[in-house]
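Per-entry structural report
Read off the chains here:
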Amino acid sequence: MTGTLVLAGTPIGDIADAPPRLAEELAGADVVAAEDTRRLRRLTQALGVTPKGRVVSYFEGNESARTPELVEELLGGARVLLVTDAGMPSVSDPGYRLVAAAVEKDVKVTAVPGPSAVLTALALSGLPVDRFCFEGFLPRKAGERLSRLREVAAERRTLVYFEAPHRLDDTLAAMAEVFGAERRAAVCRELTKTYEEVRRGPLAELARWAAEGVRGEITVVVEGAPEAGPEELDAAELVRRVRVREEAGERRKEAIAAVAAEAGLPKRAVFDAVVSAKHAGG
């Protein structure tokens, strides 16, 4: 009999948000794999739990090397519990490699649902929640960050990102450049903690606010691209969208055709706007 891999969600801030099953699994697992064993110790102390099983570290630096070891434990019948520092394993945290390896060996994988910064921020943002996509962390390098943003410039679903506080102002400024200064967004900081804050507004305004310095764990929620009709897009916006696509690697002809399709306009109208901007030195 093979064992079971259990992915357990942990509190993103308030320890009282820990699901009751988390304590049971921590106490009963044969192996507890933790992103940070010191944070695990604080968590178990707060929950009044003493793990009976072996505790091992499982983080980005040793994930590849430790995965085969944990799979062997699972194939031997062990119940392996995976926890990360906050939220659900695999969501911008270690876990994917282990899940994929366990599935490949037909090992049962289950979960203890728990708090999620992605869903909490989405719900608090005040932006549409019926359709969304999670983009994780953006690249640290400015050029790569802009390129990634351009890939989703026309995405109509609400976008959710994680970001480090010291890069937040640069990220919001890049978003304003690619998505448009007036695109609505929400910066969710220190969710469920004492100094929880949700700052809502246009991207350019949020970038100016963030330039003053922001601390804590950050989740950014950005409104999707509008489903604009011809009368809602002026020439400047048409030109901006073409440029975004060109900078992402599309040929001008393809970019004009795509923007025209998005806006519900004839290709000629977009072409004329681009030509006029070029003659005007824009």
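Residues numbered from 1 in each chain as written. Predicted model: local features only at pLDDT ≥ 70, side-chain atom pairs only at ≥ 80, totals over all residues. Heavy atoms only, no water.

**Some thoughts on the state of the cysteines**
The line we're drawing: Count a disulfide wherever a pair of cysteine sulfur atoms falls within 2.5 Å.
The tally for this structure, following the rule as stated, stands at 0 disulfides. C133 carries a free sulfur, and the closest cysteine sulfur to it, the one in C188, is 16 Å from it.

**Here we look at the domain arrangement of the chain**
Heads up, the condition is: Domain extents, as shown, originate in an automatic or database domain assignment.
By domain assignment, the chain separates into domain 1 (4-115), domain 2 (118-222) and domain 3 (235-280). When each unit is reduced to the centre of its C-alpha atoms, the spacing between domain 1 and domain 3 is 49 Å.

**Remarks on the sheet that holds strand 9 (residues 197-202)**
Quick note on the threshold: Pairing between two strands is assigned when DSSP locates at least 2 bridges connecting them. A run of DSSP states H or I qualifies as a helix once it reaches four residues; a run of E qualifies as a strand once it reaches two. Both are numbered from the N-terminal end. Think of each axis as a best-fit line through the C-alpha atoms, taken over the contacting stretch in the case of a helix, with angles from 0 to 180 degrees between the N-to-C directions.
Within the open sheet, the 5 strands sit side by side as 6-7-10-8-9. Their pairing is mixed. Where the open sheet ends on each side, the last strands, each with one partner, are strand 6 (132-137) and strand 9. Here the average twist between neighbouring strands, direction ignored, is 20°. The sheet contact formed by strand 8 (residues 184-189) and strand 10 (residues 218-222) spans 5 bridges and is antiparallel. The partner of A186 across the bridge, within strand 10, is V221.

**With respect to the nonpolar core**
Applied cut-off: Remark: nonpolar core denotes a set of buried residues (Ala, Val, Leu, Ile, Met, Phe, Trp, Tyr, Cys) joined through side-chain atoms within 4.5 Å. Note on classification: 1.4 Å probe, protein chains only; a residue is buried when its accessible area is under 20% of the maximum for its type, exposed when over 50%, partly exposed between these limits. Throughout, a residue-residue contact means that at least one pair of heavy atoms, one from each residue, lies within 4.5 Å.
If you look at the biggest cluster of nonpolar residues, it comprises 28 residues, and the most contacted ones within it are Y161, L168, L172, M175, F179 and V222. Where this core is concerned, the elements lending two or more residues are helix 6 (142-151), strand 7 (158-163), helix 7 (168-179), strand 8, helix 8 (203-210) and strand 10. Not counting chain neighbours up to four residues away, the residues in contact with M175 comprise L138, L149, Y161, G180, L203, V220 and V222. Among the nonpolar cores identified, the runner-up in size contains 17 residues, and L5, V80, L98 and V107 belong to it.

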